[in-house]
Every structure is written in structure tokens, then in C-alpha cells.
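What the coordinates show
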Amino acid sequence: MSDQSFLLLHGWQNRRPPEHWQHWLAGELTALGHSVDYPQLPNPDFPVLEEWLAELRTRVAAMPGTRRTVLCHSLGCLLWLNAAARSEVPLPVDRVVLVAPPSPSVTLSHPEIAGFAPPAVTPADLRAASHYTRLVGSDNDPYFPEDITAVYGDPLGVPTDILPGAEHLNHESGYGPWPSILTWSTAPTNDTPIERRPA
């Protein structure tokens, strides 16, 4: 077994469909011998922040190995930001990637997820939760009509990758197999580019 472990946190209305890149990535990382946790978070249609935070605390605390990576998509990104802001990440992980978080305005416009609205998280909060954090978004995400770099990337002081035309970076946008996220996940350095999937 590898000394690397991975935790994948999904988003709203997500039941871990096989067509989604997170499902594909979990299989690929497992096949490589890594420890992978891809939990079904409770009540994904009507998520409750406190319930999801409890799952996050339990899952992070159980991550084995010496290199721990958390990969979040959509609402899973806001779950991580809330945990960091509240100092509820039980042990600092090595790397986090936040893929396609919904914007604050979109989050607040949906009563089902308004409770996840981004808190007043600071760069120091993120550093306490993870040694390295990275943000990935697109220039046409319907869940983020604003500039993701201006809203999250710059204020949080995290490197940001903008993937043109990638929409919400989910299976409905064509993001099932995604070689670049697998390459980044297993790369020895954090600055490996995260790029669009092949056409």
C-alpha cells in the first residue's frame, strides 16, 4: 500500500455517478495502490452543513499515510472552506484542490444550500487546514457567473487554474475520465499543471 491517501468530497445532488471524474479518479487511484475514501455524504439533495462537517472531521482524521490529499468538487469545496474557517479540520492535510465551487451569489440563491454560503475564511485559515491549496474553475461555469479568481483565488492567496469552456467540470460537462487531475494527484510536486480533459 502506498503512503499516500486521498479523500474525495462531492457536491450537491451528487450520488457518486460512475460518469463523474471523481468516481473515475477514485478507481484509478485505488488501482495504483493508494488509500482512497470517496464517501456518500448524507442527504445530498438537502444537505445540512453540520452533518457534512461531521463526516469531514471523521474522514480526515482517518486518513492514513504521510501524504494526504483532499479533492473537492462543487459544494464539497464550500464544505472544506467552512471547515477551515471554523478550525474543524482535525489534522492538517498536505494538499487540497477545490474544483468548481459555486459562487456566493449562486449558493445564496438556492435555499437548499444557502447554509453552505462561504464564510469569512482567510489565507491563514487555509494554511492551517492544508499545507497547499489550489483552485480550479472555468470561464463559463453556470454556477459561477463572476470571476472566480477575483472572488476566491486572489483573496485566499491560492494558485488558480481557469479551464476554458469547461463549464461546471462535472460529468454533464464531459468530465468523466480526466487524465490531468490524475497526473496532479500523483505528481511529486504541487505545481504540476491541471488542464482540460482531452477533446
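Here, the structure is the one placed above.
Residues numbered from 1 in each chain as written. Predicted model: local features only at pLDDT ≥ 70, side-chain atom pairs only at ≥ 80, totals over all residues. Heavy atoms only, no water.

Summarising burial for helix α3 (residues 75–85): 10 of the 11 residues are buried, a large majority. Every buried residue of α3 is accounted for by Leu75, Gly76, Cys77, Leu78, Leu79, Trp80, Leu81, Asn82, Ala83 and Ala84. One or two steps after α3, the chain reaches Ser87, where phi turns positive at roughly 60°. (Buried < 20%, exposed > 50% of the residue type's maximum accessible area, 1.4 Å probe, protein only. Helix = DSSP H or I, 4+ residues; strand = E, 2+ residues; numbered from the N terminus.)

It is the contact of helix α1 (residues 21–31) with helix α7 (residues 179–186), at a shortest axis distance of 10 Å, that shows an interaxial angle of 45°. Considered as vectors, α1 and α7 are oriented oblique to each other. The two elements α1 and α7 meet at a crossing, and its hand is right-handed. Residues Trp21, Trp24, Leu25, Glu28 and Leu29 of α1 touch α7, and the partners they reach there are Pro179, Ile181, Leu182, Ser185 and Thr186. For the contact of α1 with α7, the residue count by class is 7 nonpolar, 2 polar and 1 charged. (Axes fitted to C-alpha atoms, helices over the stretch in contact; angles between N-to-C directions. Parallel < 35°, antiparallel > 145°, perpendicular 65-115°, else oblique. Left-handed = near helix turned anticlockwise from the far one by under 90°. Contact = heavy atoms within 4.5 Å. Nonpolar A, V, L, I, M, F, W, Y, C, P; charged D, E, K, R; others polar.)

With a phi angle near 60°, Ser87 is a residue other than glycine that sits in the positive phi range. Here Ser87 lies in the loop between α3 and β4 (93–99). The exposure class of Ser87 is exposed, given its relative accessible area of 63%. Positioned with a positive phi, Glu167 is a non-glycine residue whose angle comes to about 50°. Position of Glu167 among the secondary structure elements: in the loop between β6 (160–163) and α7. For Glu167, a relative accessible area of 34% puts it in the partly exposed group.

This paragraph deals with α7. Among all positions in α7, only Ser180, Ile181, Leu182, Trp184 and Ser185 are buried. Buried residues along α7 sit against β1 (4–9), α1, β3 (67–73), β4 and β5 (130–138).

Spatial relationships are all this shows, so hold off on functional conclusions.
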